[in-house]
Amino acid sequence: TSGIVSALGRSGIGAGYEDFIQTDASINPGNSGGALVNLAGELVGINSAIISRSGGNVGIGFAIPSNMATSIMRQLIDFGEVRRGLLGVSIETVNAQTAEIMGLKNISGAMVASVTPGSAAEKAGIEVSDIITAVNGEKVDSANELRNAIGLLRSGDSVTVTALRDGKVQRFNAQLGELNARLSANAGDLHAGLEGATFEDDNGVRVVSVEEDSPAFGFGLRAGDRVIAVNRQRVNSLSDFRNITSTFSNNPIFIEIERDGRSQLRKFVP
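In what follows, the accompanying structure is described.

Rules used throughout
- Residues numbered from 1 in each chain as written.
- Predicted model: local features only at pLDDT ≥ 70, side-chain atom pairs only at ≥ 80, totals over all residues.
- Heavy atoms only, no water.
- Core = buried A, V, L, I, M, F, W, Y, C linked by side-chain atoms within 4.5 Å.
- Buried < 20%, exposed > 50% of the residue type's maximum accessible area, 1.4 Å probe, protein only.
- Helix = DSSP H or I, 4+ residues; strand = E, 2+ residues; numbered from the N terminus.
- Contact = heavy atoms within 4.5 Å.
- Phe/Tyr/Trp six-rings, centres within 6.5 Å; stacked < 30°, edge-to-face > 60°.
- Lys NZ or Arg CZ within 6 Å of the ring centre and 35° of its normal.
- Expected span 1.5 Å × (residues − 1).
- Arc of directions from axis to C-beta.

1. Details of the nonpolar core
So, point 1. In this structure, Leu-87, Ile-126, Ile-132 and Leu-146 are the most contacted members of the largest nonpolar core, which totals 21 residues.
So, point 2. Counting residues per element, the ones that place at least two in this core are strand 8 (110–115), helix 3 (120–124), strand 9 (131–135), helix 4 (143–151), strand 11 (158–165) and strand 12 (168–175).
So, point 3. Aside from chain neighbours lying at most four places away, what touches Ile-126 is Leu-87, Val-89, Val-112, Val-115, Ala-121, Val-161, Arg-165 and Phe-172.

Rendered as structure tokens:
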């Protein structure tokens, strides 16, 4: 089939690392994993998803950019697994309101909301309220772009992070840690109502971060919360959390959390 590329950098389709190419070339169920090529026959993407009410093509398809696929391929060849880099910050996209409060001239970048103790970011000198604007000289306009830029690098890689602090440009050299997939999970893989949150094993299950304007944030989840139970089933580990939430992936779930020493019950709708 043939068509045009109608947008780049699309996100919010699923969860995790997203930088989709949008095309109206016909992509149908069963085409995932197929090649998206340009007129010269060069691979530019891997077909991945469509938006459709009926299940058929309506001209809105998405492909993973070839550079993202290549990065994962090389890690699988070298290590037999994906070893994503970890900077160790929770971040928020700079919007108009944030820019006004922080006195910024440009509405772009990713603001550091917290820094993980002992992380690459802390060792490099990155602080809360820093506005990250570039990684290795490549401009970063949003939290999603920063997440992709770091996630496509390998653990152990050295990176230069450019940021604004008090209106002045700062550059930090950091050696990335490793994001251990066995100890963390993006909520979009578990339940649509939890999209935008990230969890990890920490003597139970702890909420690492929650993106503003995400479903998880809207339903009341916040960084630092601890998950106690899902639909009255006790949660002792990330494995428990995965297993229980996946069972109710298409239904509302009630999650009991602990915040500031008190228990709260929250409802999450897919």
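There's more to say after this.
2. Here we look at the packing of aromatic side chains
For any pair of aromatic rings, the description rests on two quantities: the centre-to-centre distance and the angle between the ring planes.
So, point 1. As enumerated under the stated definition, the model contains three aromatic pairs in all.
So, point 2. Over the aromatic face of Phe-217 sits the side chain of Arg-222, whose NZ or CZ is 3.7 Å from the ring centroid.

3. Section: the side chain of Ser-214
So, point 1. Within the fold, Ser-214 resides in the loop between strand 16 (205–210) and helix 5 (215–218).
So, point 2. Here Ser-214 is in contact with Glu-195 and Gly-196, once residues within four sequence places are set aside.

4. What to know about helix 1 (residues 66–79)
So, point 1. If you check helix 1, its first and last C-alpha atoms are 20 Å apart, about what 14 residues at 1.5 Å a residue would give, namely 20 Å.
So, point 2. Within helix 1 the residues assigned to the buried category are Met-68, Ser-71, Ile-72 and Gln-75. Buried residues of helix 1, seen end-on, are gathered within an arc of 90° and therefore sit on one face of the element.
So, point 3. Against strand 5 (61–65) and helix 4 lie the buried residues of helix 1.
So, point 4. Phi turns positive, to about 80°, at Gly-80, one or two residues after helix 1.

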